[in-house]
Structures are given as C-alpha cells and as structure tokens.
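In case you want the letters, here they are:
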Amino acid sequence: MATAGKVIKCRAAVAWEPNKPLVIEEIEVAPPQANEVRIKIVATGVCHTDLYHLFEGMHKDGFPAVLGHEGAGIVESVGPGVTEFQPGDKVIPLFVSQCRECRFCKNPKTNQASGRHDMMAPADSRFTCKGKKVLQFMGTSTFSQYTVMNQIAIAKIDPAAPLDKVCLLGCGICTGYGAAVNTAKVEPGSTCAVFGLGAVGLAAVMGCKSAGAKRIFAVDINPDKFGKAKVFGATDFVNPKDHDKPISQVLAEMTNGGVDYSLECVGNVTVMRSALESCVKGWGVSVLVGWTDLYDVATRPIQLIAGRTWKGSLFGGFKSKDGVPQMVKAYLDKKVKLDEFITHNMTLGQVNDAIELMKHGKWAMKTFFFLLLTVSDGFK
C-alpha cells in the first residue's frame, strides 16, 4: 500500500491522565518494526476494562495512552520477518498473545503465554502525539484508526466475517463464553448460575446453554436485563434485592443445595464470594471472570474443604490465535450470537458519550462503535 513504510497521521482517543475525558487527537503511528503488523481499525467495542484503567486502577505511569482492546480491522502493512499476515487480511488484535513456542503456549492446561496480558501498556509504543510518546493500552489500543501489534498478538480471521460484529470476540464474548465452556467445563444437564448480566455475563449464559446446562440462573440487581438474558438461554432470574437473605442461600433453596457451576462476571470481590458459596458442596465449581485487582478476595476454608473448586478464567481459557478464528467461524455458522449484544452504534468522536453510558449502566450489555473511515479522513 502507498502508506507502507511511512508514518501515518490519524485520529485516536487519547487518555492524557486518569479520571479525565478522552481527547480526540491527531497522532502519528510509526511503521511496523520486525515481527510487527500495522492494522487499520474498522470497529471496536467499549469494555469495562477500559473504564477500570481510566477511573479505578488509575496507574499514573500508564498515561498518556490510547485505550481500547476489543477491535477488528484490516492489515495495512507488515514489518520484517512477518510471514503469517499480508496487507488486506482481516484480523482481530489480541490482548493475550500466543507465540506457540513458550512453555505456556505448549501446555494445553493454560491459554496464558510469556507475552503481556495485564492491564498496563508496554513501555515501547509506535504512537506519538504532540511530540510525546503515547502508550498502547494492553498492547492493542483500538480507540485509534491505526495501531501496531506484534504478530503473536493478532488473529487472522475469515475474510467473510463482518468486522463490525466480530470485533466483540476480541474480549467480552470470548471471555464469558469460554469461562463456561473451557474453564468451568459445564456439563449437559447441569445447573448453573451467572452473576452479572453485562456482555461477559450474557456470553457466559450463552456458553452454559451451548454446553447443555438444564437450568441457568441469571443473577443481577437490574431486572431490565432479564429479558435479554432469556434470549441467550437463561431459564431462571434472581434479583438479590428481592430477598432478605444471602443470595447463596436463596439459590441453595432453589436447587436442593446449590448449583453445579457458578460464574462471577462483575469483578466484585463480595459477589465472587457469594458465587462460590452458591455452589453445591462436594463438586460445585465457581469461576472468577470479572476483572479487578484492587481488593483481596476471601472465603472460609470450609467452603473449599467441603469439595468446592474456585477457579479463575482469563479470556475464557481460549488460546487466542487459535480460539478467536474458531469463534468467528462459530458465529458465521450461527452457533454463537453476536448481533444481539450490540445496543448502540457510535463514532470515535462519541467515545466519551459511550463511556458515560457505560459508567451509569444505562444499557443491558455493551456499547460498541464504528470507526468508519475514508483514506483522506485518516491521513494525508
């Protein structure tokens, strides 16, 4: 392409400091270096993890940065040593890498790798703005018209995939669905409870249904979400505010001792404990899915001594470069839902409006917004 090997000037939403609105700026995106790929982002979702970094974690050394980690786009150019990708490929950036060579990648028991998967941005970056280096959040930065990624953190997907839908597989949908299918390993005929009905929770409901669960309890303090949860397969709906006893006790009474599987999709340590204690003793499995790193989580030892298992799930247990294309295929084969998760179509310029909507919980799932660009719009 005409831009290969050149610095690209484009628009991006820059977080200059914690707890402040993002600013739409013109940034410079350097060409990809060895083993790197420059991607034109077409669509991206807004995930609560972006808000967590901006408003809750607020690591002062994590700014300025371009947020966003749930996108899809088209390869613009590749750096030396890249053989897997070529310009024009449809791809999904990954915040969990898969090199296929380290001890983690070679171990079928985990989807983690030696590469980054935490909240902070790598120290190196291909972004600059107003003469300052701008960090790439989680190594992805999809709130930019262009981004640069290492090839071990990119999934090539089916050319037929609609980027404005499959972008959601970059985080939330894989995270929830995989937590049920890969991490909990929900079994046919089992009873499940999903705590929190955001996009991740709804995807977990979908995963429980796909795995053959007989009864799926959707637990949330917002009853407006129950209708959508039913679309994804929930059979029962419980609002903790409707009861004067702990939700774990309520579920135990409704299930003859507790559910077989519970999935916490909020990122709240109190809810994590409730989810564990909602499981049946002897064999119950509870999975931590919601992200937080601010507080300790605790329970009484008897909960585990009695036979319950407490597990964590990162990106739904999917080995990223392998799993994301499989999920794209599942969507194209109509085996998983994506369209039903989308509640708002917005532009990059409306990113702060999207963040405010998410902060105040004014929808049942997730906003995602298009970055619909023309060549002349992004750079000269």
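Rules and cut-offs
Residues numbered from 1 in each chain as written. Predicted model: local features only at pLDDT ≥ 70, side-chain atom pairs only at ≥ 80, totals over all residues. Heavy atoms only, no water. UniProt positions renumbered as here; feature names shortened; annotations may be inferred. Helix = DSSP H or I, 4+ residues; strand = E, 2+ residues; numbered from the N terminus. Rg over C-alpha atoms; globule rule 2.2 N^0.38 Å. Areas by Shrake-Rupley, 256 points an atom, 1.4 Å probe, with all protein chains shown as cover. Lys, Arg positive; Asp, Glu negative; His and termini not counted. Charge placed at Lys NZ, Arg CZ, Asp CG, Glu CD. Pairing = 2+ DSSP bridges. Axes fitted to C-alpha atoms, helices over the stretch in contact; angles between N-to-C directions. Contact = heavy atoms within 4.5 Å. Phe/Tyr/Trp six-rings, centres within 6.5 Å; stacked < 30°, edge-to-face > 60°. Lys NZ or Arg CZ within 6 Å of the ring centre and 35° of its normal. Buried < 20%, exposed > 50% of the residue type's maximum accessible area, 1.4 Å probe, protein only. pLDDT = per-residue confidence, 0-100. Core = buried A, V, L, I, M, F, W, Y, C linked by side-chain atoms within 4.5 Å.

As annotated in an unreviewed UniProt entry, the chain carries the name Alcohol dehydrogenase 1 and is attributed to Seriola dumerili. Reading the Cofactor (unreviewed entry) entry of the UniProt record for the chain gives the comment "Zn(2+)". UniProt annotates the chain under Sequence similarities (unreviewed entry) with the comment "Belongs to the zinc-containing alcohol dehydrogenase family."

Our focus in this paragraph is the overall build of the chain. Check the secondary structure of the chain and you find 11 helices and 18 strands. Against the globule reference of 21 Å for 380 residues, the chain gives a C-alpha radius of gyration of 21 Å, in line with a compact fold. Across its three principal axes, the chain shows a C-alpha extent of roughly 65 × 40 × 35 Å. Accessible area of the chain: about 16,200 Å², with a carbon and sulfur share of 51%. Distance between charge centroids for the chain: 3 Å, based on 43 positive and 36 negative side chains.

With that out of the way, let us pick up the sheet that holds strand β16 (residues 309-312). Ordered in space as β13-β12-β11-β14-β15-β16, the 6 strands form an open sheet in which the pairing is parallel. Strand pairing shows two members of the sheet lacking a second neighbour, β13 (236-238) and β16, which therefore form its edges. The mean inter-strand angle of the sheet, taken between neighbouring strand axes irrespective of direction, is 20°. In terms of strand pairing, strand β12 (residues 215-219) meets β13 through 3 bridges, oriented parallel. Considered in β13, the bridge of V219 is made with V238. Along the sheet face, helix α3 (residues 172-184) touches β14 (261-264), β15 (285-288) and β16 and points at about 135° away from the line of β15. Sheet contacts for helix α7 (residues 269-277): β11 (191-195), β14, β15 and β16; angle to β14, the most-contacted strand, approximately 175°.

With the rule as written, the count across this model stands at 3 aromatic pairs. Pairing F226 with F237 gives two aromatic rings, centres 5.3 Å apart and planes at 35°, and the pair type is tilted. A residue pair is termed long-range when its members are at least 10 positions apart, and F226 in helix α5 (residues 226-232) and F237 in strand β13 qualify at 11 residues. Across from the ring centre of F104, 5.8 Å away, lies the NZ or CZ of R103, which sits over that ring.

Tracing the backbone through its elements, the reader meets G212 in the loop between α4 (199-210) and β12. Assessed through its relative accessible area of 31%, G212 is described here as partly exposed. Note: C-alpha distance between G212 and T110 (102 residues apart in sequence) is 23 Å. Excluding residues that lie within four positions of it along the chain, G212 makes contacts with E187, P188, G189 and S190.

Take the confidence of the model for the chain next. For the chain, per-residue confidence averages 89 on the pLDDT scale, and residues scoring 70 or more make up 91% of the total. Here residues 362-380 scores under 50 on pLDDT; set against residues more than four positions off or in separate chains, the count is 79 contacts.

The next subject is the nonpolar core. The biggest cluster of nonpolar side chains holds 89 residues, and the ones touching the most others in it are V166 and L263. No other element matches the 8 residues that α4 contributes to this core. With near-sequence residues (within four places) excluded, V166 lies in contact with I92, I157, A161, V328, Y331 and L338. Of all hydrophobic cores here, the second largest spans 11 residues; its members include V238, I247, V259 and C279.

What follows covers unusual backbone geometry. With the exception of glycine, the majority of residues adopt a negative phi angle, and the majority of peptide bonds are in the trans configuration. A cis amide bond links F63 with the next residue in sequence, P64, at an omega value of -5°. Tracing the backbone shows P64 in the loop between α1 (48-57) and β4 (65-66). Phi at N19 is positive, roughly 60°, even though this residue is not glycine. Inspection of the secondary structure assignment puts N19 in the loop between β1 (8-15) and β2 (23-29). For N19, a relative accessible area of 47% gives the class partly exposed. Within the chain, S141 stands out as a residue other than glycine whose phi angle is a positive 55°.

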